[in-house]
Protein chains: 2
Amino acid sequence: MTRSWWGWGRLQEALSEHEIRELESGVATLLPGHDLTDHPPPDPAQLGLPAPRIAPPAALAALCSTDPVDRAGHARGKAYRDVVRNLRGELDHVPDLIARPTREQEVIDLLDWCAHEGIAVIPYGGGSSVVGGVEPRFDGPAVTVDVTGMGAVAEIDRVSRAARIQAGALGPVIEDQLRPHGLTLRHFPQSFRFSTLGGWLATRSGGHFATLYTHIDDFTESLRVVTPAGVSESRRLPGSGAGPSPDRLFLGSEGALGVITEAWMRLQDRPRWQVTASVAFQDWDSAVAATRMIAQAGLYPANCRLLDASEAFLNAGTTVAGGLLVLAFESADHPVDPWLDRALEITAEHRGAVIARRSRDTASPNDASANWRSAFLRMPYRRDALARRSVIVETFETACTWDRFDILHASITAAAREAVERICGTGALTCRFTHVYPDGPAPYYGVYASGRWESLVAQWDEIKAAVSEAIIAAGGTITHHHAVGRDHRRWYDRQRPHPFAAALRAAKSALDPAGILNPGVLIDS
Amino acid sequence: MTRSWWGWGRLQEALSEHEIRELESGVATLLPGHDLTDHPPPDPAQLGLPAPRIAPPAALAALCSTDPVDRAGHARGKAYRDVVRNLRGELDHVPDLIARPTREQEVIDLLDWCAHEGIAVIPYGGGSSVVGGVEPRFDGPAVTVDVTGMGAVAEIDRVSRAARIQAGALGPVIEDQLRPHGLTLRHFPQSFRFSTLGGWLATRSGGHFATLYTHIDDFTESLRVVTPAGVSESRRLPGSGAGPSPDRLFLGSEGALGVITEAWMRLQDRPRWQVTASVAFQDWDSAVAATRMIAQAGLYPANCRLLDASEAFLNAGTTVAGGLLVLAFESADHPVDPWLDRALEITAEHRGAVIARRSRDTASPNDASANWRSAFLRMPYRRDALARRSVIVETFETACTWDRFDILHASITAAAREAVERICGTGALTCRFTHVYPDGPAPYYGVYASGRWESLVAQWDEIKAAVSEAIIAAGGTITHHHAVGRDHRRWYDRQRPHPFAAALRAAKSALDPAGILNPGVLIDS
């Protein structure tokens, strides 16, 4: 199995010819007149990358690769704009070296060398950033430190339900190693198969569960982080009130304050009971109101995903007038039917019609949620096939309090539609809630538009700027779970309180005095 | 109603003669031979406090008090050692001025003046610190900024269930203003009546609910903080992944980074359904195991308080062999009997015997939980009466993962008993879990010992040092919900990762370049 250097996942898992024909037929319906010419990726060995500007000291040479395909494959993340630039062979910033430490001391030695020489360091997990978080978008040499060589579940504490996991562990490796113990981290971002614990922690990743346990932050018991100023290790604690949380400074630090090497993570018993239901609503406002009531009811559904009519039609193959709410409750401890019963009382009060309900043992091999998850995890491959055919297909997301949602949603929708029409002529916009909190939803939008091969990135960037302005103006966050990176930076700077920026800049100076860590991300040195 | 300058709460609410006789009789049983001589508080006007060393500028003079009783009443918090020192008239460090801003601009002006003059500022809410957090334990002048003049619920968002609340709002004021809207902050630390939202936020306060919503951190939607470097205001967001959380830097900052002036707080609907049960266990290990299973079952009880036999006997008047587990489930949305049923299945598997169970409408005026809460809230008055009679009565608390609990508990218990016996001769130790998490409990200990009036503080300090050493050595936190202040500082410094200390010091330098904010707390400038 070969990792794609230019796009998502593995080459062998790309869409089949049949799937591509289906996709093209869908595009022809959605975006009539679109030019479906396929633009296959260039040969990465023929891209003529500049030679590395730096050479590692002898003691570190064995960890470092200068292979052009390796360097091209680590040059950026997996955002739509990254994939398109790769397809076009536009690799203007490429790391000089890829270093692959296999133990923490090697991370320390790499940082020591880079700090001494003033070489930028880009911490790199699965490389699935969609915000330019791993791209050396600056002048000067860069070493990308790929930590996937440190990828094991190192220790399991069955009594406390926690595990010490190395930062480079990919999602499936973590679950495979926990499964024999009846445990799960139960954190399933869309990037699950190709992203790492360290990446999740550094970006405050959101999993696919809707309530309660969503952001990786809440699963974090303690962190171990290599900084140029020393190794920071917090105590394993279920809760503490001893000063500001050390972990919360590193959670979301996006490689700018240190390299996370391992963490004790809170686990859960593997679910035994699950009940699911799908509810169709006649109008969007009722759907939103019902979803809010469930979010505020203290029921804590595992899934509470509200799809608007476009999202339901395009991605769930279901026609609804107002919205489709997908509910699930799970437990390792007890049947959860009373929970779903109550949630469905709430949807009924809002004239929601139950179109499916099932209750089953999640141990069964043929598992609807697993099927859905597999389709969900396959979406990036579809995205890549569409990118090759000049379709703009990208997402953006935010969160806001319930009181502001109607205005924010209207404003974002208007901005997106206006931008798509102006820039592309034709396109579609979808919305779903990926997560719901008692005080607000996290709406997630999909854009599908007819692009032009010559200007795909510029077109998307213009749409993205328009919707980002709308988000920031309406009081949302520039990202609920995709991180800031380099792509969100200018809106993040407006969202972030100025005194906090000053504190973060000072913290960075203390931890990274040479300013080598992921320059341009979050904060300038 | 008059606030006590030397002890807890209001003078008019102190123990009655009858209650004192009962208490004395209890002490005679528990600590035979103890000298029960009463040492009433001195007249604060006769303490001969040194004159203020500073005078405010004319523009701020109207906000400032130099009244000796006012200064004595703000000189320290309400720890046992604070009360005893007050009773002995030992007021070695007293703020020079008490400033009472009524709006944010006055806080800004006060900080400007103090930064310019190099005067220390102690942010002060209800003054209920039990860790020396509000005591000017340093040389040089100090202004205590009492924010209780900014004490209103300023705005309510019923849709998102959130309120903008000023930092100086006391617990009952908050609940009184939310009640007509059917809402509650539902945060009830023991200090509830005499502590403020700002104090809760600055110290990462824990409420009396056992799971899920415990630390004030999780209720915080956004913060507004006046720092010498400017006002920091975060966006109201239900969740965000945009860099390290700005709020989490200020939560637990204990007045060392800024003065919190207001916050948007997440609220809940007032509970309508409640079921409670008490379960007696034959042995402590089974009680702990059952409690852990409930904490890991995803049931999220409102109360899950495990009392050891001494605690059950002394503070709940119940005789049990191994432990008493007090369970409660509440909801504003639905009956919660299935939740309690499942929890009691778990306790039955551990041979727990249900000794009481009731289900009731919490709207009923005569409410067991309200009664319990009222007794719980009254404990500090008993503490004060005992302090006057040379009884050492103080608590300490920690948290740890389940796998370490047995060893930590044995180690703490041994250290406490050895210290009490060595220092006091006779005494008792109790333990309860105040909070339980899926990955560990927060054990809370009570010490009752026979002290000598001449050396009460030194005796307690020696016991406290012994148990603190045991906590830190066994991997616990020096505080789960009492903050660090000045009293926990030396153990906190050992618990905190060094690189995080460097980052925090740098953040403080950026926000408080003159180093005026609460010197000695958390970090040195």
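Residues numbered from 1 in each chain as written. Chains lettered and ligands numbered in written order. Predicted model: local features only at pLDDT ≥ 70, side-chain atom pairs only at ≥ 80, totals over all residues. Heavy atoms only, no water.

**Examining the pattern of salt bridges**
Side chains that carry opposite charge are capable of pairing whenever their charged atoms lie near each other.
Working step 1: Using the criterion set out here, one finds 100 salt bridges over all chains in the structure.
Working step 2: In this structure, the salt-bridge partner of arginine 100 of chain B is aspartate 70 of chain B, at a minimum N-O distance of 2.7 Å. Of the two residues, arginine 100 of chain B sits in the loop between strand S2 (97-99) and helix H5 (104-117) while aspartate 70 of chain B sits in helix H3 (residues 68-73), which places them 30 residues apart along the sequence.
Working step 3: Owing to a relative accessible area of 32%, arginine 100 of chain B belongs among the partly exposed residues under this scheme.
Working step 4: Because the salt bridges share partners, they merge into one network encompassing Glu17, Arg21, Glu24, Asp38, Arg388 and Arg389 of chain A. (Salt bridge = Lys/Arg side-chain N within 4 Å of Asp/Glu carboxyl O. Helix = DSSP H or I, 4+ residues; strand = E, 2+ residues; numbered from the N terminus. Buried < 20%, exposed > 50% of the residue type's maximum accessible area, 1.4 Å probe, protein only.)

**Brief notes about the relation of the copies chain B and chain A**
Superposing the two chain copies requires a rotation about an axis and a translation along that axis.
Working step 1: Its rotation angle being 180°, the transformation that places chain B on chain A also includes 0.0 Å of axial translation and leaves an RMSD of 0.0 Å. Taken together, the rotation and translation relating the two chain copies correspond to the operation of a two-fold axis.
Working step 2: Here 100% of the interface residues in chain B have copies in chain A that are interface residues too; the copies meet face to matching face. (Least-squares fit on C-alpha atoms with pLDDT ≥ 70 in both. Contact = heavy atoms within 4.5 Å.)

**Some details on the domain arrangement of chain A**
Residues and elements named next belong to chain A.
Working step 1: Assigned domains of chain A: these are domain 1 (51-269 + 495-525), domain 2 (273-371) and domain 3 (390-494).
Working step 2: Of the residues lining the interface, 15 residues belong to domain 2; the matching set on domain 3 comes to 13 residues.
Working step 3: Summing both partners gives a buried area of about 1,300 Å² for domain 2 against domain 3, and 60% of it is carried by carbon and sulfur.
Working step 4: Contact with domain 3 buries surface across domain 2, with Trp284, Arg305 and Glu311 losing the most and accounting together for 31% of the total.
Working step 5: Our enumeration of links across domain 2 and domain 3 arrives at 1 salt bridge.
Working step 6: One salt bridge in this structure joins arginine 432 and glutamate 311, with 2.9 Å as the shortest N-O distance.
Working step 7: Breaking the side of domain 2 that touches domain 3 down by element, the ones donating at least two residues are helix H9 (284-295), strand S13 (303-307) and helix H10 (309-316). (Domains from an automatic or database assignment. Buried area = accessible area lost by both parts, 1.4 Å probe.)

**A short note on the UniProt feature "active site" (unreviewed entry) in chain A**
Residues and elements named next belong to chain A.
Working step 1: UniProt annotation of "active site" (unreviewed entry) refers to Tyr444 when read in the numbering used here.
Working step 2: The residue tyrosine 444 is located in strand S18 (residues 440-450) in this model.
Working step 3: Exposure remark for tyrosine 444: the relative accessible area of 6% places this residue in the buried category.
Working step 4: When neighbours within four sequence positions are excluded, tyrosine 444 is seen to be in contact with Gln190, Thr395, Phe396, Glu397, Thr430, Cys431, Arg432, Thr434, His481 and His482.
Working step 5: In this structure the side chain of tyrosine 444 is engaged in a polar contact, spanning 3.1 Å, whose partner is the side chain of threonine 395. (UniProt positions renumbered as here; feature names shortened; annotations may be inferred. Polar contact = N/O pair within 3.5 Å; in protein donor to acceptor, adjacent residues only side chain to side chain.)

**Quick notes on the environment of valine 27 of chain A**
All names here are of chain A.
Working step 1: Following the sequence through the fold, valine 27 ends up in helix H1 (residues 17-30).
Working step 2: When its relative accessible area of 7% is taken as the criterion, valine 27 is described as buried.
Working step 3: Note: C-alpha distance between valine 27 and tyrosine 448 (421 residues apart in sequence) is 9.1 Å.

**Some remarks on a nonpolar patch on the surface**
Working step 1: Together, Leu30, Phe313 and Leu314 of chain A make up an exposed nonpolar region whose accessible area comes to about 250 Å².
Working step 2: Mapped onto the fold, leucine 314 of chain A is located in helix H10. (Patch = residues over 30% accessible without salt bridge, like charges linked within 9 Å, V, L, I, M, F, W, Y side chains within 5 Å. Areas by Shrake-Rupley, 256 points an atom, 1.4 Å probe, with all protein chains shown as cover.)

**A closer look at the sheet that holds strand S9 (residues 230-233) of chain A**
Residue and element names in this part refer to chain A.
Working step 1: Strand order in the open sheet made by the 5 strands is S5-S6-S10-S8-S9, with antiparallel pairing throughout. Here the strands that pair on one side only, and so sit at the sheet edges, are strand S5 (153-157) and S9. Between one strand and the next, the sheet's axes are offset by a mean angle of 10°, whatever the strand orientation.
Working step 2: The pairing of strand S8 (residues 220-227) with strand S10 (residues 259-266) spans 6 bridges and is classified as antiparallel. Bridge pairing in S10 places valine 226 opposite valine 259.
Working step 3: Sitting on the sheet, helix H6 (residues 171-178) touches S5 and strand S6 (162-166), and the angle it makes with S5 is about 40°. (Pairing = 2+ DSSP bridges. Axes fitted to C-alpha atoms, helices over the stretch in contact; angles between N-to-C directions.)

**Thoughts on empty space enclosed by the protein**
Working step 1: Applying the stated rule across the entire model yields 4 cavities of 30 Å³ or more.
Working step 2: Of the pockets and cavities examined, the second largest cavity occupies roughly 60 Å³.
Working step 3: Contributing to the lining of the second largest cavity are Pro244, Ser245, Arg248, Leu249 and Phe500 of chain A together with Pro244, Ser245, Arg248, Leu249 and Phe500 of chain B.
Working step 4: Listing elements by their share of the lining of the second largest cavity, those giving two or more residues are helix H8 (246-250) of chain A together with helix H8 (246-250) of chain B.
Working step 5: Of the residues that constitute the lining of the second largest cavity, the class distribution is 6 nonpolar, 2 polar and 2 charged. (1 Å grid on protein atoms, 1.4 Å probe; cavity = no way out; pocket = protein on both sides within 12 Å on 5 of 7 lines; lining within 4 Å. Points joined across faces, edges and corners; volume = space filled by probe spheres on them. Nonpolar A, V, L, I, M, F, W, Y, C, P; charged D, E, K, R; others polar.)

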